[in-house]
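Survey of secondary and tertiary structure
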Amino acid sequence: MSYILDGLRQGMALLLPPGREILQIVALSLAVSGAATVLASLAAIPAALLLALKEFRGKRLLVGLINTAMAVPAVLIGLLVYGLVSRRGPLGTLGLLFTPGAMIMAQALLAFPLITALALAALKGVAREARDLALSLGANRRQLAATVIRQGRFAFLTAIIAGFSRVIGETGMTLMVGGNIKGQTRVLTTAISLETMKGNFEIGIALGIVLLLAALAINFGLQWVQGK
Amino acid sequence: MDIRIEGLCATAGGRAILDGLDMEFSPGAVNVILGPNGAGKTTLLRLLGLLDRPGRGEIYYDGRKLSPMPPASRTRLRRRFGFVFQLPLLLAGSVEDNLRFGARLRNLSVSREIIGRVLDNTGLAGKAGQEARLLSGGEKQRLQLARVMVLDPDLYLLDEPTANLDPLSVKNIEAAISGLVRAGKTVILATHNLTQARLLAGKVVFLKEGRLVQAGSAAEVLSRPLSLDIAEFSAAENILPGVLARRDGRTVLECGALAIEVVSERTAGKAAAVIRPEDILVSSGPLVSSARNSFRGTVLAVADLGAVVALSVDCSGTVFTVFITRGSCSQMKLAAGTGVMLTFKATQVHLLPRE
């Protein structure tokens, strides 16, 4: 027990004030996961709107595939992205392997089905009513989409936050394609895993606290926005 | 607006909701769609309002075919409609926000004067600033109607606008609908309320299981139904199932122990008699009259309905409901157990085919 408490005390000391390396890791984590979430959302939100509002052939199959994709282990996505960006892969010439670019790509692929499925599930409740309301009062197609987005904005926000939480906490896949290179691709999760394995328990704890604080800040921020 | 539909079909989850409907609606009148739950009333209204697309079939609006219309024309057409949903769909915001939403979608503005007038006409005067979602059920429904009245559409599509409302709200909405027709608007109204149909309808269409059963004036459809379904739907008091037969040169409906004389071209097969409770005469003894049907019975119960008194009378196992005035009831000292005679003409028996 004292081992854990000592770790906790030393971890806190490392954060007050945080060193340059820790700040760099936190910044990269937020940048990579933020960019991945934005990219995934740009595809996932229109996809969810389309699935919620349009009837077309093969829609149920598509929704089934997206729900299945949610269950694909992150490490398999890591494998796929590794294959794509490694020197002998189809995107090998871009030299993305072990760069933040590869990490963003993998995390975006991981977040896309999650954000789509969550947004779709939440939209089901509001989309039909918002559609009926807008159409019956004379909305054209652009106004219809705008009304549904406005009525469904909290649904989207919740889905996006869930996607961000998923990717910022991901370790194995990020390690595979990023390589955990100090100062270049080291992020919170890969650093925690490395430092702990190296026996630097207190650094792991310090970084863990930062990760928890980031998650807390995001969730309270979300509640504050929804309360408005 | 002139509306005609041809072979209209709709399915949901593999089940046919509308099954090849052909009908015309009367322009500048209230067209009432009647039918039991699941008849397809809401589906039909949604198709007419361009909220959903038909599986098959065609709708003509003032003679223009719907199916080849591009999206922009559909939007223009939809902007001439006002749809009121059965469960109120309101925007978060004030009553006035809701009233202005349709105009905003059209890039128009609405004058304070119009807002005020519409609120007056729907019994919502003084509520413009209130939060719409905090209104009572009846007020929400009236707000839905007000919201489309602001846009002054040519066609009103109303899906059970008075379901679950208090009598005063119902009256307000019915008055507003009457006003629309006076202003030359076409109204298509789905309802379960027969009194409302009789009160408002220029035309009644009766649907069952996605098919048209009968169309005509309210009096035709409700008082002279062509189908037992309509008689049962309208909860007609005396629906007596039996079998037609010839007896001593007369056509009768054998109904339990009774043989009811009827006027019918058919002389055999299953049928049902519908007799209006106000068409039956009650007497304490046999009457000398031209009426062909007279049965002895016993009063089972007396119920005061306000305007009339309803008697249940058992005649050899068949129970009739009869309406008489309160005066007659007290004069004849009718009570449960009193012996009476029931008399009605053969021409007052409305015969319907039965399967």
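**Describing the overall build of chain A**
Helix and strand counts for chain A stand at 10 helices and 0 strands. Counted from the first residue to the last, chain A has its helices and strands arranged as α-α-α-α-α-α-α-α-α-α. Considering only C-alpha atoms, chain A reaches an extent of 65 × 50 × 30 Å along its principal axes. Here chain A, with 228 residues, has 42% of them falling under the buried criterion. Considering only residue pairs separated by 6 or more positions, chain A has 72% of its internal contacts joining residues 24 or more positions apart. Just so you have it, chain A exposes about 12100 Å², and 68% of that area is on carbon and sulfur atoms. Of the charged side chains in chain A, 20 are positive and 8 negative, and the gap between their average positions amounts to 12 Å.

**Remarks on the overall build of chain B**
Counting its secondary structure elements, chain B contains 10 helices and 20 strands. For chain B, the spread of C-alpha atoms along the three principal axes comes to 75 × 45 × 35 Å. Counting every position in chain B, which comprises 355 residues, the buried fraction comes to 49%. The long-range share in chain B, meaning contacts at least 24 apart out of those at least 6 apart in sequence, stands at 66%.

**Some remarks on the sheet that holds strand S18 (residues 318-324) of chain B**
Residues and elements named next belong to chain B. The 5 strands are arranged S15-S19-S16-S17-S18 in an open sheet whose pairing can be described as antiparallel. The open sheet has two edge strands, strand S15 (281-283) and S18, and neither has a second partner. Each neighbouring strand pair of the sheet contributes to a mean axis angle of 40°, computed without reference to strand direction. Here strand S17 (residues 309-315) pairs with S18 via 7 bridges, running antiparallel. Across the sheet, Ala-310 pairs through a bridge with Phe-323, a residue of S18.

**Brief notes about the packing of helix H4 (residues 74-85) of chain A against helix H5 (residues 100-136) of chain A**
A pair of packed helices is captured by two measures, namely the crossing angle of their axes and the spacing between those axes. All names here are of chain A. Close contact between H4 and H5 brings their axes to 9 Å; oriented N to C, the two are set at 135°. It follows from the interaxial angle that H4 and H5 lie oblique. The crossing of H4 and H5 is right-handed. On H5, the residues touching Ala-74, Ile-77, Leu-80, Val-81 and Val-85 of H4 are Ala-102, Met-105, Ala-106, Leu-109 and Leu-110. Of the residues assigned to the contact of H4 with H5, the class counts are 10 nonpolar, no polar and no charged.

**Remarks on the interface of chain B and chain A**
At the junction of the two partners, chain B supplies 22 residues and chain A supplies 17 residues. Here chain B is connected to chain A by 2 salt bridges. With a closest N to O distance of 4.0 Å, B:Asp52 and A:Arg131 form a salt bridge. There are 6 residue pairs in polar contact (both at pLDDT 80 or more) connecting chain B and chain A. Of all the secondary-structure elements, those providing two or more residues to the side of chain B that touches chain A are helix H2 (71-78), strand S6 (81-84), helix H3 (95-105) and helix H5 (137-149) of chain B. Of the residues belonging to the side of chain B that touches chain A, the class tally is 12 nonpolar, 2 polar and 8 charged.

**Comments concerning H5(B)**
In this model H5(B) runs 19 Å from its N-terminal to its C-terminal C-alpha over 13 residues, within 8% of the 18 Å that 1.5 Å per residue would give. The element H5(B) is largely enclosed, with a buried count of 11 among its 13 residues. Here the buried face of H5(B) lies against H5 of chain A together with S6, H3, helix H4 (112-121), strand S7 (155-159) and helix H6 (167-182) of chain B.

**Concerning unusual backbone geometry**
Residue and element names in this part refer to chain B. Although it is not a glycine, Asn-107 adopts a positive phi angle of roughly 55°. Within the secondary structure, Asn-107 is located in the loop between H3 and H4. The class of Asn-107 is exposed, set by a relative accessible area of 69%. You will see that Lys-333, though not glycine, has its phi angle at about 50°, which is positive. Along the chain, the position of Lys-333 falls in the loop between helix H10 (326-331) and strand S19 (339-344). When its relative accessible area of 67% is taken as the criterion, Lys-333 is described as exposed.

**Examining the pattern of salt bridges**
According to the stated counting rule, one finds 20 salt bridges over all chains in the structure shown. Salt-bridge contacts for B:Glu6 lead to B:Arg4; the nearest nitrogen and oxygen are separated by 2.8 Å. Because the salt bridges share partners, they merge into one network encompassing A:Arg131, A:Asp132, B:Arg46 and B:Asp52.

**Here we look at the packing of aromatic side chains**
Within this structure, the stated rule accounts for 7 aromatic pairs over all chains. Centroid distance A:Tyr3 to A:Phe201: 4.8 Å. Interplanar angle 15°. Geometry classified as stacked. Taken together, the residues span a long stretch of sequence, with A:Tyr3 in helix H1 (residues 2-15) and A:Phe201 in helix H10 (residues 201-227) at a distance of 198 residues. Measuring from ring centre to ring centre gives 5.9 Å for B:Phe320 and B:Phe344, while their planes differ by 45°; the resulting arrangement is tilted. Remark: B:Phe344 occurs in strand S19 and B:Phe320 occurs in strand S18; sequence separation between them is 24 residues. Taking the ring centre of A:Phe154 as reference, the NZ or CZ of A:Arg153 above it sits at 5.2 Å.

Each value, and the rule that gives it
Residues numbered from 1 in each chain as written. Chains lettered and ligands numbered in written order. Predicted model: local features only at pLDDT ≥ 70, side-chain atom pairs only at ≥ 80, totals over all residues. Heavy atoms only, no water. Helix = DSSP H or I, 4+ residues; strand = E, 2+ residues; numbered from the N terminus. Buried < 20%, exposed > 50% of the residue type's maximum accessible area, 1.4 Å probe, protein only. Contact = heavy atoms within 4.5 Å. Areas by Shrake-Rupley, 256 points an atom, 1.4 Å probe, with all protein chains shown as cover. Lys, Arg positive; Asp, Glu negative; His and termini not counted. Charge placed at Lys NZ, Arg CZ, Asp CG, Glu CD. Pairing = 2+ DSSP bridges. Axes fitted to C-alpha atoms, helices over the stretch in contact; angles between N-to-C directions. Parallel < 35°, antiparallel > 145°, perpendicular 65-115°, else oblique. Left-handed = near helix turned anticlockwise from the far one by under 90°. Nonpolar A, V, L, I, M, F, W, Y, C, P; charged D, E, K, R; others polar. Salt bridge = Lys/Arg side-chain N within 4 Å of Asp/Glu carboxyl O. Polar contact = N/O pair within 3.5 Å; in protein donor to acceptor, adjacent residues only side chain to side chain. Expected span 1.5 Å × (residues − 1). Phe/Tyr/Trp six-rings, centres within 6.5 Å; stacked < 30°, edge-to-face > 60°. Lys NZ or Arg CZ within 6 Å of the ring centre and 35° of its normal.

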